[in-house]
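Read off the chains here:
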Amino acid sequence: MSPNAALTDADIPPGVVTGENLMKLMEHARDNGYAIPAVNCTSSSTVNAALEAAAKNNSPVMIQASNGGGKFVAGKFIKDPNAATAGSVALAYHVRAVAKYYGIPVILNTDHCAKCLFPWFEGMLDANREYYEKFGEPLFSMHMLDLSEEPDDENIELCVKYFKKMVEMEIWLEMEIGVTGGEEDGVNNEDVDPAKLYTTPEQVYNVYEALSKVGPMFSIAAAFGNVHGVYKPGNVKLSPEKLLQHQQYTKKKIGAEGDKPLFLVMHGGSGSADEEIKTAVANGVIKMNVDTDTQWAYWNGLRQFELSKRAYLQAQIGNPDGADVPNKKFYDPRVWMRKAEESMVLRVAMSMDQLGSTGKYERSTKPGSNQCLPEGNAGAKTKNGYVGGVISGIKHMVASK
């Protein structure tokens with residue numbers, strides 16, 4: 001694989017990537033100056049929109065579930081304390097069932113996990129462990145710990161503790177040092193001390209020094225003025241040039257040959273200027289979170305459809321074409337949800353262009369298959385076909401209990 005060349009399925013297979021293939025993808029992004037959009041998803045519909053954008057734009061993509069998103073997938077009716085874990089796992093299985101059909105690499109991640117959400121995190125580690133023991137790879141590609149509200153020493157100590165468990169299953173860790181402002185998914189940092197919005201090179205190196213002793217598969221969300229949500233231009237002061245200082249400091253400390261020894265992450269990307277994003281990526285950002293803008297895009301697709309078809313959406317029967325004409329083809333959820341998806345596809349594509357990931361993976365034309373039961377293990381296809389493979393997998397699970 002030559003430098004700057006687009007990846008193909010000969011380099012990295014399409015579908016959910018983990019372990020060695022995930023490392024290869026992250027290195028390709030860092031070394032070739034692009035970042036992968038990480039799209040927060042709360043349903044199979046939003047997942048499919050993100051995957052469609054990736055397929056149409058020949059780009060890898062990351063699908064993220066937050067704690068609140070996991071609860072929503074499980075169903076708002078459910079009040080069980082394990083609902084977030086159940087919903088996040090369900091979303092992961094949906095992605096694994098369809099990702100290969102889109103012909104592009106997909107990274108499965110979970111978003112901000114503060115200390116109070118450890119039961120959610122540990123529940124997903126249990127799901128990964130069970131999956132790994134059966135199929136030789138984790139269910140998710142990576143997870144994020146956000147302990148930025150804790151003292152740095154405790155933040156790093158807890159990250160090391162969990163990272164040791166994760167490397168056993170080849171799971172990537174994303175951590176945060178410094179605070180992302182604003183409010184998202186119940187975590188409110190709107191009144192945080194402004195100084196905490198800018199991480200220092202020393203803080204970043206302390207993280208690198210601790211985690212690199214455990215394994216190489218980790219990334220750092222270093223704050224450079226980032227704020228969740230969308231704000232009026234001028235109200236948020238981003239300083240992506242600070243990320244270069246982190247790279248230079250760590251490079252000097254460890255004597256690295258490359259100019260970018262760190263895998264960096266950008267949070268609060270919605271509403272950021274193109275030039276700010278471009279500078280962040282040039283300085284080693286390999287992943288940017290996208291949530292607020294895609295939420296609006298999904299809603300806006302529905303809003304525009306309702307506005308244009310309002311006269312056909314007031315009753316089951318009767319519209320401007322006649323009092324007895326049915327309206328099912330307008331209120332069918334598959335119709336208006338598809339309009340929402342189409343709008344979201346366009347917005348995710350915009351992020352891919354901004355991050356430079358468009359065209360970085362030549363979409364595979366190989367036939368798709370599900371990854372819920374990975375090939376080569378209990379889920380491999382048998383002479384009885386797909387159903388036989390599923391039955392074989394279930395028998396394997398039962399027998400191993």
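Remember, predicted model here, so these are calculated numbers, not experimental data.

(A) Looking closely at the overall build of the protein. A tally of helices and strands in the protein yields 13 helices and 13 strands. Considering the protein as a whole, with its 401 residues, one finds that 52% of them fall into the buried category. When contacts within the protein are restricted to residue pairs at least 6 apart in sequence, long-range pairs at least 24 apart make up 71% of them. Surface exposure of the protein reaches about 18200 Å², of which carbon and sulfur atoms provide 53%.

(B) Molecular detail of the nonpolar core. Residues Met26, Ile63, Ile107, Leu211 and Ile220 are the most contacted members of the largest nonpolar core, which totals 95 residues. Take this core: its biggest share by element is eight residues, from helix 5 (residues 118-135). The contact partners of Ile220, leaving out residues within four places of it in the chain, are Met175, Ile177, Val204, Val207, Tyr208, Leu262, Phe263, Leu264 and Val265.

(C) Structural view of the packing of helix 7 (residues 201-212) against helix 8 (residues 241-254). Packing of helix 7 against helix 8 brings their axes to within 9 Å, and their N-to-C directions diverge by 50°. If you check the angle between helix 7 and helix 8, you find them oblique. As helix 7 runs across helix 8, the sense of the crossing is right-handed. Seen from helix 7, the contacting residues are Pro201, Glu202, Val204, Tyr205 and Tyr208; seen from helix 8, they are Gln245, His246, Tyr249, Thr250, Lys253 and Ile254. When the residues that make up the contact of helix 7 with helix 8 are grouped by side-chain class, the tally is six nonpolar, three polar and two charged.

(D) Structural detail: unusual backbone geometry. Here Asn58, not a glycine, exhibits a phi torsion of approximately 50°, which is positive. Residue placement: Asn58 occurs in the loop between helix 2 (44-56) and strand 3 (61-65). Residue Asn58 is classed as partly exposed on the basis of its relative accessible area, which comes to 27%.

(E) Layout of the pairing of strand 13 (residues 322-326). Burial analysis of strand 13 places just zero of its five residues in the buried class, which makes it a mostly uncovered element. Strand direction decides the pairing type here: strand 12 (residues 317-319) and strand 13, joined by two bridges, are antiparallel. Across the sheet, residue Ile317 finds its bridge partner in strand 13, namely Pro326. Hairpin remark: strand 12 followed by strand 13, antiparallel, with two residues in the connecting loop.

(F) How the structure looks around the layout of surface pockets. For the second largest pocket, the calculated volume is near 260 Å³. If you trace the second largest pocket, you find 19 residues lining it, with Val16, Thr18, Asn21, Glu137 and Gln371 closest to the centre. Counting residues per element, the lining of the second largest pocket draws most heavily on helix 1 (residues 19-31), at three residues.

(G) Fine view of the state of the cysteines. Evaluated as defined, the whole model comprises zero disulfides. With no disulfide partner, Cys159 has as its closest neighbouring cysteine sulfur the one in Cys113, 9.9 Å distant.

(H) Representation of the confidence of the model for the protein in the model. Averaged over every residue, the pLDDT of the protein is 89; residues scoring 70 or more account for 85%. Below a pLDDT of 50 lies the segment residues 377-391, which in the model reaches 21 contacts outside its immediate sequence neighbourhood of four places, other chains included. This stretch, residues 393-398, has a pLDDT under 50; its non-local contacts, to residues over four places away or in other chains, come to seven contacts.

(I) Here's a closer look at helix 6 (residues 152-167). Its 16 residues place the ends of helix 6 22 Å apart at the C-alpha level, agreeing with the 22 Å of an ideal helix rising 1.5 Å per residue. All of the buried residues along helix 6 are Asn155, Ile156, Leu158, Cys159, Val160, Tyr162, Phe163 and Met166.

(J) Representation of the side chain of Asp146 within the structure. Relative to the helices and strands, Asp146 is located in the loop between strand 5 (142-145) and helix 6. There is no salt bridge for the buried Asp146, and the closest opposite charge comes from Lys287, which lies 10 Å off by N-O distance. Reaching out from Asp146, the side chain makes a polar contact with the side chain of Ser148 at a distance of 2.6 Å.

Thresholds, definitions, all that
For every chain, the first residue of its written sequence is number 1, and the numbers climb from 1 along that sequence. Where local features are concerned, this predicted model is filtered to residues with pLDDT of at least 70; where side-chain atom pairs are given and counted, the filter is 80 or more; whole-chain, interface and lining totals use all residues. Derived side-chain values reflect all non-hydrogen atoms in the structure, with water molecules and hydrogen atoms excluded from consideration. Under the DSSP-based scheme used, a helix requires at least four consecutive residues in state H or I and a strand at least two consecutive residues in state E, with every element numbered from the N terminus. Think of it in three bands: residues with accessible area under 20% of the maximum for their type are buried, residues over 50% are exposed, and the middle band is partly exposed, with areas taken using a 1.4 Å probe on protein chains only. Residue contacts are defined here by distance: any two heavy atoms, one from each residue, within 4.5 Å place the two residues in contact. Computed with the Shrake-Rupley method and a 1.4 Å probe, the accessible areas treat only the protein chains shown as cover for residues. Here, the term nonpolar core denotes a set of buried Ala, Val, Leu, Ile, Met, Phe, Trp, Tyr and Cys residues that are joined through side-chain atoms within 4.5 Å. Only the contacting stretch of a helix is used when fitting its axis, a line to C-alpha atoms as for every element, and angles between N-to-C directions run 0 to 180 degrees. Put simply, angles under 35 degrees are roughly parallel, angles over 145 are roughly antiparallel, angles from 65 to 115 are roughly perpendicular, and the rest are oblique. Should the near helix be turned anticlockwise from the far one by less than a right angle, the crossing is left-handed, and should it be turned clockwise, the crossing is right-handed. The classification used treats Ala, Val, Leu, Ile, Met, Phe, Trp, Tyr, Cys and Pro as nonpolar, Asp, Glu, Lys and Arg as charged, and all other residues, Gly among them, as polar. Any two strands between which DSSP finds at least two bridges are classified as paired. The distinction between a cavity and a pocket rests on a 1 Å grid over the protein atoms alone: a 1.4 Å probe fits inside a cavity but cannot get out, while a pocket stays open yet meets protein on both sides within 12 Å along at least five of seven lines, and a residue with an atom within 4 Å of a point counts as lining. Grid points are joined across faces, edges and corners, and a volume is the space filled by probe spheres set on the points. Cysteine sulfur atoms that pair up within 2.5 Å are treated as a disulfide. Known as pLDDT, the predictor's confidence for each residue is given on a scale from 0 to 100. Expected helix span is given by 1.5 Å per residue-to-residue step, counting one fewer step than there are residues. When charges are counted, Lys and Arg are positive and Asp and Glu negative, with His and the chain ends excluded. For salt bridges, the criterion is a side-chain nitrogen of Lys or Arg within 4 Å of an Asp or Glu carboxyl oxygen. In protein, a polar contact means a hydrogen-donor-capable atom and an acceptor-capable atom, both N or O and within 3.5 Å, with residues adjacent in sequence counting only if both atoms are side-chain atoms; elsewhere, any N or O pair within 3.5 Å suffices.

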